[in-house]
Amino acid sequence: MFTGAQARRRGRIELADGGTFFLDEVGELKPEQQAKLLRVLQERRIERLGGAGSVPVDVRWVAATNRDLQAQVAAGQFRSDLYHRLAVFPIQLPPLRERRTDILPIAEALLLRIGGELGKPGLRLTPDAAEWITAQQWPGNVRELANALERAAILAENGLIDASLFPSVGARPAATSAPAATTLDQLERQAIQEALRRSNGHRKQAAEQLGIGLRTLYDKLKQYGIS
């Protein structure tokens, strides 16, 4: 046993034995972490911290990422053998802006959870709030939507959430002569700047709004020269 150990403790993967292990933001794994994960997937065994020998595990793996892993493989940033191990049954989830009929049901489900956490059961969207959230682009997808709803729920009185409680309403920037974004890079740059504005420059919060990892956000800030 390692120094200070009082009892054997099972790690997350061992606890998932016989079940499912969800690995979020797999595209953020560093090369050494990718190698360790690949070994577990291939051998179906793990080594406990401070233990001797290995332990067999039977786990169903589900991995998620907002990155293009095939592009990362081509760029040498993600192991091709690990990619093929994980991509047995890929599922593409379109962003919220491409499935607008889902936005309102998702928002209502989120409000049930948020209301329970805040001690405000029965939170409801007014018609103008429902119309507003359905019309937004939500570049950060469900995470950004959840953050906006939580902020509005904190401010809401009598359990009603109207459009004025969302950060962009009533505080739209004045129109300028700058040309509209016409490329994906320009749209992405604007989405990052808007997330940073909404989070008052807090980069972790901005990354959560955008639905990306903090490391990815730093890469994008460097790419687009955003300070």
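Residues numbered from 1 in each chain as written. Predicted model: local features only at pLDDT ≥ 70, side-chain atom pairs only at ≥ 80, totals over all residues. Heavy atoms only, no water.

**Student:** Outline the overall build of the protein chain, listing residues and values.
**Tutor:** When you go through the protein chain residue by residue, the secondary structure sums to 10 helices and six strands. Put simply, the protein chain has 227 residues, and 32% of those count as buried. Sequence separation of at least 24 residues holds for 68% of the intrachain contacts in the protein chain that already meet a minimum separation of 6. (Helix = DSSP H or I, 4+ residues; strand = E, 2+ residues; numbered from the N terminus. Buried < 20%, exposed > 50% of the residue type's maximum accessible area, 1.4 Å probe, protein only. Contact = heavy atoms within 4.5 Å.)

**Student:** Account for the packing of aromatic side chains, naming residues and giving values.
**Tutor:** The relative placement of two aromatic rings is captured by the distance of their centres and the angle of their planes. Tallied over the full model, the rule gives three aromatic pairs. Between Trp132 and Trp138, the ring centres sit 5.9 Å apart and the planes meet at 90 degrees, which makes this aromatic pair edge-to-face. By the burial criterion, Trp132 is buried, and Trp138 matches it. Centroid distance Trp132 to Phe166: 4.6 Å. Interplanar angle 20 degrees. Geometry classified as stacked. Of this pair, Trp132 sits in helix H6 (residues 127-135) while Phe166 sits in the loop between strand E6 (160-161) and helix H8 (184-198), placing them 34 residues apart in sequence. These aromatic residues form a ring-pair network of at least three members: Trp132, Trp138 and Phe166. (Phe/Tyr/Trp six-rings, centres within 6.5 Å; stacked < 30°, edge-to-face > 60°.)

**Student:** Tell me about the nonpolar core, and name the residues and values.
**Tutor:** Residues Leu125, Ile133, Trp138, Leu145, Leu149, Ile161 and Phe166 are the most contacted members of the largest nonpolar core, which totals 23 residues. Looking at this core, the elements with two or more residues in it are helix H5 (103-118), H6 and helix H7 (141-155). No other element matches the six residues that H7 contributes to this core. Beyond its immediate sequence surroundings of up to four residues, Phe166 is in contact with Leu125, Ala129, Trp132, Ile133, Ala148, Leu149, Arg151, Ala152 and Ile161. If you look at the next biggest cluster of nonpolar residues, it comprises 17 residues, including Leu23, Leu38, Val57 and Leu82. (Core = buried A, V, L, I, M, F, W, Y, C linked by side-chain atoms within 4.5 Å.)

**Student:** Summarise the packing of H5 against H7; cite the residues concerned and give the values.
**Tutor:** For the pair H5 and H7, interaxial distance at closest approach is 9 Å and the crossing angle is 50 degrees. When the axes of H5 and H7 are compared, the pair comes out oblique. Crossing of H5 over H7 shows right-handed handedness. For the pair H5 and H7, the contacting residues are Ile103, Ile106, Ala107, Leu110, Leu111, Arg113, Ile114 and Leu118 in the first and Val142, Leu145, Ala146, Leu149, Glu150, Ala153 and Ile154 in the second. A class-by-class count of the residues in the contact of H5 with H7 yields 13 nonpolar, no polar and two charged. (Axes fitted to C-alpha atoms, helices over the stretch in contact; angles between N-to-C directions. Parallel < 35°, antiparallel > 145°, perpendicular 65-115°, else oblique. Left-handed = near helix turned anticlockwise from the far one by under 90°. Nonpolar A, V, L, I, M, F, W, Y, C, P; charged D, E, K, R; others polar.)

**Student:** Summarise a nonpolar patch on the surface; cite the residues concerned and give the values.
**Tutor:** Together, Val88, Phe89, Ile91 and Leu93 give the surface a local cluster of nonpolar side chains, amounting to about 540 Å² of exposed area. Mapped onto the fold, Phe89 is located in the loop between helix H4 (80-86) and H5. Phe89 sits in the exposed class, given a relative accessible area of 67%. (Patch = residues over 30% accessible without salt bridge, like charges linked within 9 Å, V, L, I, M, F, W, Y side chains within 5 Å. Areas by Shrake-Rupley, 256 points an atom, 1.4 Å probe, with all protein chains shown as cover. Salt bridge = Lys/Arg side-chain N within 4 Å of Asp/Glu carboxyl O.)

**Student:** Give a detailed account of the pattern of salt bridges, specifying residues and quantitative values.
**Tutor:** Using the criterion set out here, one finds eight salt bridges in the structure. Between Arg67 and Asp219 there is a salt bridge, and its shortest N-O distance comes to 3.5 Å. Taken together, the positions of Arg67 in the loop between strand E4 (60-63) and helix H3 (69-74) and Asp219 in helix H10 (residues 214-224) put the pair 152 residues apart, joining distant regions of the chain. Through salt bridges with shared partners, a single ionic network connects Asp24, Glu25 and Arg143.

**Student:** Account for H7, with residues named and values stated.
**Tutor:** Note that an α-helix has 3.6 residues per turn; residues three or four places apart therefore point the same way. The terminal C-alpha atoms of H7, which comprises 15 residues, lie 22 Å apart, in line with the 21 Å expected from a rise of 1.5 Å per residue. Burial in H7 covers these residues: Glu144, Leu145, Ala146, Ala148, Leu149, Ala152 and Ala153. (Expected span 1.5 Å × (residues − 1).)

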